[in-house]
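Understanding the architecture of this molecule
This is what each chain is made of:
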Amino acid sequence: MHTNNKLNQAVRLALALGVTTTALVTTSVFAQEKKSEDKVERIEVTGSKIKRIGELSPTPVTVISGDGLVDAGVVNVADLLHKMPNTLVGLSPETTNNTIFASGLNNTDLRGLGSNRTLVLVNGRRFVSGAPGSSAVDLNNIPTAMIERVEITTGGASAVYGSDAVAGVVNIITKKTYDGVTMDASTTRPTQSGGEEDYASITFGSEVGKANFVSNLSWASQNQVSYMDRDYLREGPIAIQNPNYNAKDPNSPLRVMWGRGQQVLAAYAPAGTFVSGGKRYTFSENGQVRLMNLGQALPPLVGGRVDYIGGEGYNFAENSFMRTPLDRVSFVSNMNYAINDDHNMSMEMNLTRSEAYGESSPAFINFGVSANNGLLSPEASALIAAANANGRVTMGYLASDFGNRKYSQERTLARISLGFEGALSDTWSYDVYATTGHVQADTEWYGEMFYNRFLQAVDVEKTASGALQCRDAVARAQGCLPLNVFGRGIYSEAAYNWVSTDAMRRSSIEQSVVSGTVSGDLYELPAGFITTAFSAEYRKEGAKTLPDPAMRAGLLFNNSSQPLDGEFDVNEISAEFSVPLLAELTMVDLLTFESAYRKMDYSTSGSDDAWKIGLNWEVSDELRVRLNRAKSVRAPNIGELYNPPGQTFRTMTDPCAVSQRAGLNPKYRDAILANCAAQGVPTNFEPSTEWKGSTRPGFIIGNTDLTNETAHDITAGFIYTPAWLEGAGLTVDYWKFELTNVINSFTGPDVVKYCYQSSSLANPYCPLLTRDATTYEITNYFEKPVNSASRDVEGVDLEASYRFASNYGDFNFRLITTYMQTYETNPTGFAEDLIDDLGEVRLPEWKHRFTTEYSYGEASAVLTVNHRAATVQANDWTPNQNNYNDVPSYTTFDLTTRYNITQQFQARLGVLNMFDRNPPLLPGQNTNGEAWDVIGRRITAGVSYSF
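Residues numbered from 1 in each chain as written. Predicted model: local features only at pLDDT ≥ 70, side-chain atom pairs only at ≥ 80, totals over all residues. Heavy atoms only, no water.

Here we look at the sheet that holds strand S42 (residues 769–771)
So the rule is basically this: Any two strands are treated as partners once DSSP identifies two or more bridges connecting them. Helix and strand assignments follow DSSP, with helices taken as H or I runs no shorter than four residues and strands as E runs no shorter than two, numbered in order from the N terminus. All axes here are fitted lines through C-alpha atoms, helices being fitted over the stretch that makes contact, and every angle between N-to-C directions spans 0 to 180 degrees. Throughout, a residue-residue contact means that at least one pair of heavy atoms, one from each residue, lies within 4.5 Å.
Strand order in the open sheet formed by 4 strands is S38-S39-S43-S42, and the pairing between neighbours is mixed. One side of each edge strand has no neighbouring strand; the edge strands of this open sheet are strand S38 (646–650) and S42. Looking at each pair of strands side by side, their axes are set apart by 25° on average, direction ignored. The pairing of S38 with strand S39 (residues 696–700) spans 5 bridges and is antiparallel. Looking at the pairing, Arg 650 lines up with Arg 696 of S39. Running over the sheet, helix H15 (residues 748–757) touches S38, S42 and strand S43 (778–783) and is turned about 80° from S42.

Some remarks on the side chain of Thr 715
Formally: Relative accessibility under 20% of the residue-type maximum defines a buried residue, over 50% an exposed one, and the middle range a partly exposed one, all with a 1.4 Å probe and only protein chains included.
Topologically, Thr 715 is positioned in strand S40 (residues 709–720). Taking relative accessible area as the criterion, Thr 715 reaches 5% and is therefore assigned buried. With near-sequence residues (within four places) excluded, Thr 715 lies in contact with Pro 60, Gly 155, Arg 626, Leu 627, Asn 628, Tyr 734 and Trp 735.

Some thoughts on the nonpolar core
Selection rule: Put simply, a nonpolar core is a bunch of buried Ala, Val, Leu, Ile, Met, Phe, Trp, Tyr and Cys residues held in one set by side-chain atoms that sit within 4.5 Å of each other.
Formed by 42 residues in total, the largest nonpolar core has its most connected members in Ile 64, Leu 81, Leu 139, Val 150, Val 170 and Ile 172. Those residues in contact with Ile 64, other than ones at most four positions away along the chain, are Leu 69, Leu 80, Leu 81, Met 84, Arg 149, Val 150 and Ile 152. The next biggest cluster of nonpolar side chains, apart from the first, holds 35 residues, and it includes Phe 274, Leu 375, Met 449 and Val 458.

Notes on the confidence of the model for the protein chain
Rules: A residue's pLDDT is the predictor's confidence in that residue, given on a scale from 0 to 100.
Residues at a pLDDT of 70 or more form 95% of the protein chain, whose mean pLDDT is 90. Per-residue pLDDT stays below 50 along residues 1–39; that stretch engages in 90 contacts with residues further than four places along the chain or on separate chains.

A few points about the packing of helix H13 (residues 669–678) against H15
Heads up, the rule is: Any angle that is under 35 degrees is reported as roughly parallel, and any over 145 degrees as roughly antiparallel; angles of 65 to 115 degrees are reported as roughly perpendicular and all others as oblique. Residues are grouped as follows: Ala, Val, Leu, Ile, Met, Phe, Trp, Tyr, Cys and Pro are nonpolar; Asp, Glu, Lys and Arg are charged; every other residue, Gly included, is polar.
Packing of H13 against H15 leaves a shortest axis separation of 7 Å and a crossing angle of 95°. Our classification of the angle between H13 and H15 gives roughly perpendicular. For the pair formed by H13 and H15, the contact residues are Ala 671, Ile 672, Asn 675 and Cys 676 on the first element and Cys 755, Tyr 756 and Gln 757 on the second. Looking at the contact of H13 with H15 residue by residue, the classes come out as 5 nonpolar, 2 polar and no charged.

Observations concerning the state of the cysteines
Counted only if it meets this: Only a pair of cysteine sulfur atoms within 2.5 Å qualifies as a disulfide here.
Applying the stated criterion across every chain, the model contains 3 disulfides. Covalent S-S linkage joins Cys 656 and Cys 676, the inter-sulfur distance amounting to 1.9 Å. An S-S torsion of about -90° defines the bridge between Cys 656 and Cys 676 as left-handed. Of this pair, Cys 656 sits in the loop between S38 and H13 while Cys 676 sits in helix H13, and the two are 20 residues apart along the sequence. Cys 676 matches Cys 656 in its accessibility class, with the two residues each being buried.

What to know about H13
Rule in force here: In this description, the arc belongs to the directions extending from the helix axis to the C-beta atoms.
By the burial criterion, the buried members of H13 are Ile 672, Asn 675 and Cys 676. Buried residues along H13 cover an arc of 100° about the axis, so they all sit on one side. More than 90 degrees from the buried face of H13, the exposed residues found are Asp 670, Ala 677 and Ala 678. Those residues of H13 hidden inside the fold are in contact with H15.

Some details on the packing of aromatic side chains
The cut-off we apply is this: Between 30 and 60 degrees the pair is tilted, below 30 it is stacked and above 60 it is edge-to-face, where a pair is any two Phe, Tyr or Trp rings, Trp via its six-membered ring, whose centres lie within 6.5 Å. Charge-over-ring placement is defined geometrically: NZ (Lys) or CZ (Arg) within 6 Å of the ring centre, and within 35 degrees of the ring normal.
Inspection of the entire model under this criterion finds 31 aromatic pairs. Every member of this aromatic cluster is reached through a ring pair, and the members are Phe 274, Tyr 281, Phe 283, Phe 367, Tyr 397, Phe 454 and Phe 486. The residue whose ring lies beneath Arg 453 is Phe 450, and the NZ or CZ to ring-centre distance is 4.6 Å. Of note, Arg 868 hangs over the ring of Trp 932, and the distance from its end group to the ring centre comes to 4.8 Å.

A short note on the pattern of salt bridges
This is how it is decided: For this document, the term salt bridge refers to a Lys or Arg side-chain nitrogen within 4 Å of an Asp or Glu carboxyl oxygen.
For the coordinates displayed, the defined rule picks out 40 salt bridges. The partner of Arg 323 in a salt bridge is Glu 197, with the nearest N and O atoms 2.6 Å apart. Of this pair, Arg 323 sits in strand S23 (residues 321–323) while Glu 197 is found in strand S11 (residues 197–208), placing the two residues 126 residues apart along the sequence. Across the pair, Glu 197 and Arg 323 agree in class, each one buried. Here Glu 537 and Arg 539 are joined by a salt bridge, their closest N and O atoms 4.0 Å apart. Residue Glu 537 is classed as buried on the basis of its relative accessible area of 7%. Via salt bridges that share partners, Arg 126, Asp 164, Glu 537, Arg 539 and Glu 541 belong to a single interconnected network.

Following this line, the structure appears as structure tokens:
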């Protein structure tokens, strides 16, 4: 038979490619040595449920070993996945500080198609999601010390694994057996303050008779990074409206880089600020009115707002934070019991508790103050009375005395999985398991205030006796006391307590899965046996949230949320076949046809199917060619379906405003002006300064009418391991995804954009906006997902490796490269709205990761180079938009070393981002934690001891 040839090829590939594409080859070989020649152990590779003999995966797989995580100097698998060329950051502590409810989450995103389209498995089984309403797994829950390897399979895998595997699968394989105890501790210290990390773990296990187990207890902590901790954040680049802009010159930029510095918005001050007689005033700490120290004025920003360098007010750097602090404790245990030679029972248990803190600026409020407010000094009253005819001004207040708004995210995960696997005959096996997972995710806010109570408490009058009281009689009856914010810390504690509050939202996630697979030989053909796998699976998922009563009532500043209660279940059956067509011919060692089909029935989006067909052509021991075509689906998740109205705030511009007309896209200019006129917006309309100077409130809400997304993908590639260059290997894979019916959640600015760029007001977006009938300002918007988008993504992956031994040590080189050729999105479904995202910051054409490993005796060192090509901020850029569109290439170097002092004791030392490469100093990029290393150079050191 063909078995020996496949084993020989597997061994060759294992030696040549190492962990690049072998996918469990060596496991199979060692297992084969232990068994008789006529009974070979079959193993399951990622991307297929057919148990194969020494087989490579039928789809492209990149493998990261557990040692690779150590060599990278990371203590969270997400930190390494974010650096892989074929992945992007879904969410991370560097991108979620101001993302309420998601703070501290770690998700990965294959191909940039979205973390909800990347299926993360643990030991081939589904894992409970990390946030209510989402299907994305929080990688914080999987400690690195327990990871044997990570297998990244690209290409649609819905036919094998079901929904969410549109972009591919990240399968995290954990350790199954261990005999002994290993203690590990490490620390990472940036050369600038902030962002420190500490890690400690103990792994222990035993093998006794038919039973074995391995357990791990891990603790990890990472500190916050504020903008004040980094010079490139503290004094970042500033973009302003070009004071020399010439509308008649197509090369005259509307926005230009002015320079660097701590930008201050003077419209808000910790003691309140107002304008009278063309001058801006504030209050000293004791409440005396005085001129405000404005610092150096910047030219007007787009929209007419004037900011300053230095001076008083809302300092963006002082009130911004880059990285979320995160603490986590995890306990994982895997247990196995051999019932007999043919049947095995296993159990997996995961317990994790994580806590992340989000922090943002104090509340900033605009409120009206009249000249007769009893809290004002005579001088302040006179200035306000003289400000305008109605004797009233708008006061901008930064509630610094209330402290920064902070919110803690406490997440507790509990998961248990019980499985049975074994042999039904010499050629047939079974694998059944049941798993249940629960996540409790609670969020608590500090430094909040009752918004209406605040307005009532600062509106104060004097009685006939000269006493101060809240002007609103109803509020007085409810306990309102005068709150003097026209100074610093001069109000009473009782008044503060009536206004301030904390708030909480409780939430939970539930997942239950029952799955069974039988796999074996179906029928023998001249080229070999038809092998197959049949699976059935039932899955149920649910999520609930219960916000604080004050949040549900919309009483808090910037926080309004309603409860979520949604669930779905799905029944699935699938079949997978591997059919050998030709074997042991000239130019054909083996030609195999691969296919899979899956039928799904969702309680929410109905029935659907997924399929896959492919060819694996083993040309020779040196060359293997593979071709796959697949249809994948993604069902809408609970959040997309059932999200209740939740308040959000966005910075936006109004295309109907006079000040925006010079910057309108010429392609849509006529449609925008026509739609504005059709809504009755006057041609001379301009929003107020208050509207332009603040973020605008809106609501995020789900859509129960959503249907499944569909993706068709193709992968074609080869693996080459030349006999003439022992230890070398090359893998090249072309891939293409075509997604239709894509669920797209439009942000408030996008709702505005597509509303007015449409050919008429009869579109799905304008109904999601509300304008005031008198002022014509946008007062509300709804961010509601719809099946409106399509996406085409195309590119090539390349992996090359070469290892050799010499008298001076062993060398291992590995290059992983992704070339992205196409990334086009149509958010609306209309041809004219096609967007080319390729080459923008998030999606560079080229990304590389090159590692050089050297070992000599008990010492080893790994040098890693991460590179991303030069990009642009926007592809639809024209010279008159700005003068800072080009973004340079970016390269970082990491060097880590290990030394085995004894057989039991190992020491590690490394430096990450060796040359302290900062993010590009361009507006919007120096704070981009997704694309750049925002932590800077850091030293990492660790030790481990085994006994």
